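Inside the fold
So you can see what is in the structure, the chains are spelled out below.
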Amino acid sequence: MTDPASHSPADQVRLAHLHRVWANPPGLSGTLTGVFHSAVGMRYVHTGLAFLLVGGLLSMFIRLQLAWPGNEVLDPDRYNQFVTMHGTTMMFLFAVPIMEGFAIYLLPKMLGTRDLPFPRMGAFGYWCYLFGGLFLYSGFLFGEVPDAGWFMYVPLTGRTYSPGMGPDFWLIGVTFAEIAAVTAAIELIVSILLTRAPGMGIHRMPLFAWYILVMAFMIAFGFPPLILASILLEIERAFGFAFFEVARGGDPLLWQHLFWLFGHPEVYIIFLPAAGVVTTLVATVAQRPIVGYHWIVLAVIAMGFLSFGLWVHHMFTVGIPLLSLSFFSAASMAVAIPTGIQIFAWLATLWSGRPRMSVPMLYLAGFFFIFVLGGLTGVMVALVPFDWQVHDTHFVVAHLHYVLIGGMMFPMFAGLYHWLPLASGRMPSEVLGRAGFWLVFLGFNLTFLPMHLTGMAGLPRRVYTYAPELGVSWLNLLSTAAGFALAVGVVAILVDLALCFRHGRTAPANPWHAGSLEWAMAMPPQPYNFAAIPRVDSGYPLWDDPELPRHGGVPRGLLSDASHGQRELMGTGMLDARPQQVIRVATTSWAPILAALAIAVLLGFFIAKAYLAAALTLLPLLGILAWWLWTTGDRNAPARIEAEPGLWLPVQAAAPNAPGWWATVIALLIDGSLFASLVFAYFYLWLNAPAWPAPPAATGPLLLPLLAAALLPAAAFAGSTALRRSDRGQPRGLRLWLLLASVAGAAYVAAQALVLAWIAGDPTGHAYSSVVWTLAGFHWVHVAVTVLISAFVWARSAAGLVDAGKRLEPRIAAALWRYVAAQGLVAWAVIHVFPRMTT
Amino acid sequence: MTGRHPYTLTRVTAPMAVWALHLVTVYSLEGLACARGWPLERIAGMSQFNWLLVLVSLPALGVTAWLLALGWRDARTRSGAPHQGAPRRRLLAWTMMALAAVAIVAIVFATLPVFMLPPCTPEAH
């Protein structure tokens, strides 16, 4: 009997094809143009660790300054800058992106697929993250460093109190970097829902994927409020609009609401992937399936929702009525239920298994200890009266570091050690790993435990020094000394990890005896992950079939033939994971990095107030995007492809569940959340305004707005008719109706601009006019984008790349017209109908 | 029995969406009432407005309780001949039921202070 894992000459040929199709080009150009998920994920992790070191360095200066009262390591201005940049770096440039990097690197491997469904978008997100981070830090070059705290409260960040460019570097740099979170969210959701290995039904999906799915949806709903707030504040600072300035009808609390609508879910966006790592590792360490799979799914979804009901608990001291505060205090208590469920499920798994104190387990133990303490102080500050006592003191600093370092950094280190053999093919050093752990664990606790005491004694946050009479000098000195031990520990761990890639001993196959699919592949993985897409019938495929790693490299089965030269993924049903489509994805390209560079140049011109140059930069940017779209996937793919002998499936352009379709749906959800935040801002500003509209703005006659509004359903109708014509095999009809939809959309924009110029007043005069013009402008941008996409589909149809069978692109254009019409009608009603109802 | 209600991810998460809607509603009403001076006369020991909040909470509790009952029924149903989709369906039904239970607890948590605190009292410290 022949060994199934031995390679016949036919296998060798297939493997050579797979290598040729999937391998990244060598050298620098390969690094700049590579889009494969392993490469992109590793870039995220490396860059995240680099920002961890920079953010950590800033915190060392902060600790030196606070080591003793009256120190002069940093002057007050520099101290404010370092505190701001430390928090901003750790939240936006380290914690969120590095966990996304983990997900991007690991998920396709765990799900049994070859790549993420939008490789170029993944690479583009990474470059936005890197350039956004560099943009933020470039403030140091110009002596314009953000210094108003990581939450950028107005009025301190308004033009009056921050006339420099520090806040602009923050607002633009962070928003730029957030593009990465949004693109990663879309890509991860679509990947988890549509590209799981055949047989991996939703009931046996790895729990890590559940965590990432919920995290990605949280990004979709949680990031838009901050993006919107940043845009509003930047418009106010750059163009003199009024959203937050009280004298002109604005409200500074609007910023706090929008910021924390993002800011609290953000904590869970950081925690959930880390908890996913814990769940995965706990089962492996205990060598048994996780206890309570159902319960954990429940807990993850419940947390995803409840964490959106906590934002006001950051605002207990701003003067909101007690009853309102109690709603959020209640939700803050309720979120302890799903957290508790997870912790008990983990403990039960460890209890009933055979855990070994490996290095990853050591970090898990550290996680349990620290995170539970952070959670308990969280319940304390969720109580309104207690929060009043410790608000803005070092008690809160202690709490948030226990939660974030305990809840995110310890699981991250555990995960790094756990998956290091997979990425490097080598084992980490036990001795260095353990030494690093104890340094970090003791250093951390001795740094932050004393802060509970200094906080309760009254040591305020974000103040560069304190009086000796406060009696907290020795505790601060202890914090500083221990902080340096923590820093040495972090560096030791990173050195250990780096050394492992070169000097570690070769890892055996599946060194931790894990049960999940990523260990069924070569170590380090091949550029195509799996030579043939595996079929799965168990939650822990490797425990049920320990031979799987030997078979994973055999190119026999699903999508093992790459002789056509295209990168292919298997698309499966959302719940049942039955094969549904073959997804041909894009390969190496300059488009992602060039697009991100164009955005960086555009934003550079914008911050320099060279608005014309910024607007002109849109031209190359649109050119790059058009080129990207035109060349993505395989535009000449046949409508049906043989995935394995006898199994013919549609290519994505002809499949109902095309990834592009679902990416559009998720993108519109994100955009809807952004729009809802803007509508919220409108009503929030209305709530406390004495007159609405604020004179000289007025409502005006309704006739012209009514006539204009009729153009919106007309555009939606034209878009849908275009799709129907395409389905009937009438490409000319498709193009004509797309043109008509664009004309209707453009006519609406023109008509509404006329009306608003007449009635809405000067946008820099009053918050009413500012928010009305912004609401209208927001919608106009959407009309413009939809016109451009219609032009793209028009060109694709003219080139013969769209037909009744391959209907994905006209389908997306039609959906966009419906969405734009609906959004426009809501904005129209808010602008023209609502003020009439209230006067 | 089992094929009657197709379980989608949207449907499974419906109880939490009801909770979110309830929180947004009571918080917005509170903001409106205090900013716009809604009537706050007391009836049976509580202000009219507090009663309004209780009234708003009842349908939210009703819908989540209904979803809980649906999930309970479907999670317990074992079809005579076990078919391929049964474990998947049971997971989804069970998750909806349990999420409904969490949502009920969270709605009750948020409604309890309505019986204890007057509306529109600013913090006092």
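Residues numbered from 1 in each chain as written. Chains lettered and ligands numbered in written order. Predicted model: local features only at pLDDT ≥ 70, side-chain atom pairs only at ≥ 80, totals over all residues.

The number of helices and strands found in chain B is four helices and two strands. Along chain B, from the amino end to the carboxyl end, the secondary structure elements read α-α-β-β-α-α. Taken over 125 residues, chain B has a buried fraction of 34%. For chain B, the share of sequence-separated contacts (at least 6 apart) that also reach a separation of at least 24 residues comes to 81%. (Helix = DSSP H or I, 4+ residues; strand = E, 2+ residues; numbered from the N terminus. Buried ≥ 20, exposed ≤ 12 C-beta atoms within 10 Å, placed from the backbone. Contact = placed C-beta atoms within 7 Å.)

The next subject is the overall build of chain A. Along its length, chain A carries 26 helices and four strands. Against the 2.2 N^0.38 benchmark of 28 Å for 839 residues, chain A shows a C-alpha radius of gyration of 27 Å, consistent with a compact globule. In terms of principal-axis extent, the alpha carbons of chain A reach across some 90 × 85 × 45 Å. In chain A, which comprises 839 residues, the share counted as buried stands at 57%. Across chain A, the fraction of contacts at a sequence separation of at least 24, relative to all contacts at a separation of at least 6, is 81%. (Rg over C-alpha atoms; globule rule 2.2 N^0.38 Å.)

This part covers the interface of chain B and chain A. Across the boundary between the two partners, chain B contributes 32 residues, which contact 30 residues of chain A. Contributions of two or more residues to the side of chain B that touches chain A are made by helix H2 (14-36) and helix H4 (86-111) of chain B. Sorting elements by how many residues they give to the side of chain B that touches chain A places H4 of chain B first, with 12 residues. Partitioning the side of chain B that touches chain A into residue classes produces 23 nonpolar, six polar and three charged. (Nonpolar A, V, L, I, M, F, W, Y, C, P; charged D, E, K, R; others polar.)

The subject of this paragraph is the domain arrangement of chain A. In terms of domains, chain A is made up of domain 1 (354-500) and domain 2 (689-838). A C-alpha centroid distance of 51 Å is found between domain 1 of chain A and domain 2 of chain A. (Domains from an automatic or database assignment.)

A few words now on the pairing of strand S3 (residues 640-644) of chain A. Residues and elements named next belong to chain A. Pairing between S3 and strand S4 (residues 647-650): four bridges, direction antiparallel. The residue bridging arginine 640 from the neighbouring strand is proline 650, located in S4. The hairpin turn running from S3 into S4, its antiparallel successor, is two residues long, and glycine 646 in that turn takes a positive phi close to 90 degrees. (Pairing = 2+ DSSP bridges.)

Quick look at the nonpolar core now. Core analysis: the biggest nonpolar cluster contains 314 residues, and Cys128, Ile189, Ile212 and Ala331 of chain A together with Leu99 of chain B have the highest contact counts within it. Among the domains, domain 1 (354-500) and domain 2 (689-838) of chain A are the pair contributing at least three residues each to this core. Here isoleucine 189 of chain A is in contact with Leu213, Ala216, Phe217 and Ile666 of chain A, once residues within four sequence places are set aside. Listed in part, the seven residues of the second largest apolar core include Leu58, Phe82, Val83 and Met85 of chain A. (Core = buried A, V, L, I, M, F, W, Y, C linked by C-beta atoms within 7 Å.)

All names here are of chain A. Of all the seven residues making up strand S2 (residues 579-585), seven are buried; the element is thus mostly covered by neighbouring parts of the structure. Of the strand pairs in this sheet, strand S1 (residues 567-572) and S2 are connected by six bridges, and their pairing is antiparallel. Counted as the bridge partner of arginine 567 is valine 585 from S2. In textbook terms, the turn of a hairpin is the stretch between consecutive antiparallel strands, and for S1 and S2 this stretch comprises six residues, one of which, alanine 577, has a positive phi near 60 degrees.

As a further point, take the environment of alanine 744 of chain A. All names here are of chain A. Looking at where alanine 744 falls in the secondary structure, it is placed in helix H24 (residues 731-759). Under the C-beta neighbour-count criterion, alanine 744 is labelled buried, with 22 such atoms within 10 Å. Placed 497 residues apart in sequence, alanine 744 and alanine 247 show a C-alpha to C-alpha distance of 39 Å. If near-sequence neighbours (up to four positions away) are discounted, alanine 744 is found in contact with Leu711, Ala714, Ala715 and Ala718.

Our next topic: helix H9 (residues 293-306) of chain A. Residue and element names in this part refer to chain A. Taking 1.5 Å as the rise per residue, H9 with 14 residues should run 20 Å; its terminal C-alpha atoms sit 20 Å apart, in good agreement. Burial within H9 is extensive, with 11 of its 14 residues counted as buried. Listing the buried residues of H9 in full gives Ile296, Val297, Leu298, Ala299, Val300, Ile301, Ala302, Met303, Gly304, Phe305 and Leu306. (Expected span 1.5 Å × (residues − 1).)

Residues and elements named next belong to chain A. Helix H8 (residues 252-286) packs onto helix H4 (residues 76-111) with a crossing angle of 35 degrees between their chain directions and a minimal axis gap of 9 Å. With respect to the hand of their crossing, H4 and H8 are arranged in left-handed fashion. Along its contact with H4, which presents Met91, Ala95, Val96, Met99, Phe102 and Ala103, the element H8 presents Glu266, Ile269, Ile270, Pro273 and Ala274. (Axes fitted to C-alpha atoms, helices over the stretch in contact; angles between N-to-C directions. Left-handed = near helix turned anticlockwise from the far one by under 90°.)

The next subject is the packing of helix H21 (residues 659-687) of chain A against helix H26 (residues 808-838) of chain A. Residue and element names in this part refer to chain A. Look at H21 against H26: their axes get within 11 Å of each other, and the N-to-C directions meet at 10 degrees. By the criterion of interaxial angle, the relationship of H21 to H26 is roughly parallel. Contacts between H21 and H26 involve Gly660, Trp661, Thr664, Leu668, Phe675, Val679 and Tyr682 from the first element and Leu808, Arg811, Ile812, Ala815, Tyr819, Gln823 and Val830 from the second. (Parallel < 35°, antiparallel > 145°, perpendicular 65-115°, else oblique.)

Residues and elements named next belong to chain A. Between valine 154 and proline 155 the backbone carries a cis peptide bond, its omega angle lying at 5 degrees. Topologically, proline 155 is positioned in the loop between helix H5 (119-137) and helix H6 (166-194). The peptide bond linking proline 695 to proline 696 adopts the cis configuration, its omega dihedral lying at 10 degrees. Inspection of the secondary structure puts proline 696 in the loop between H21 and helix H22 (703-709). Backbone geometry at arginine 462 places phi at a positive 55 degrees, although glycine is not the residue there. With respect to the helices and strands, arginine 462 occurs in the loop between helix H15 (430-456) and helix H16 (473-503). C-beta crowding within 10 Å serves as the criterion here: with 16 such atoms nearby, arginine 462 is assigned to the partly exposed category. Positive phi, normally seen in glycine, also occurs at asparagine 510, with a value near 45 degrees. One can find asparagine 510 in the loop between H16 and helix H17 (541-544). Residue asparagine 510 is classed as buried on the basis of its 20 C-beta neighbours within 10 Å.

The next thing to look at is the confidence of the model for chain B. Note that predicted coordinates carrying low pLDDT should not be read in detail. Considering every residue of chain B, the mean pLDDT works out to 83; 86% of them sit at 70 or more. Within chain B, helix H3 (residues 48-76) of chain B carries the highest mean pLDDT (92), whereas strand S1 (residues 42-43) of chain B carries the lowest (82). (pLDDT = per-residue confidence, 0-100.)

Let us look at the environment of leucine 575 of chain A. Inspection of the secondary structure assignment puts leucine 575 of chain A in the loop between S1 and S2. Residue leucine 575 of chain A is classed as buried on the basis of its C-beta count, with 20 C-beta atoms lying within 10 Å. C-alpha of leucine 575 of chain A to C-alpha of glycine 309 of chain A: the two residues are 266 residues apart in sequence and 28 Å apart in space. Beyond its immediate chain neighbours, meaning those up to four positions away, leucine 575 of chain A contacts Gly201 and Ile202 of chain A together with Arg88 of chain B.

This part is about the environment of glycine 443 of chain A. Residue and element names in this part refer to chain A. Locating glycine 443 in the fold gives a position in helix H15. Residue class for glycine 443 comes out buried when judged on the 20 C-beta atoms lying within 10 Å of it. Note: C-alpha distance between glycine 443 and leucine 486 (43 residues apart in sequence) is 4.3 Å. Those residues in contact with glycine 443, other than ones at most four positions away along the chain, are Ala482, Gly483, Ala485, Leu486 and Gly489.

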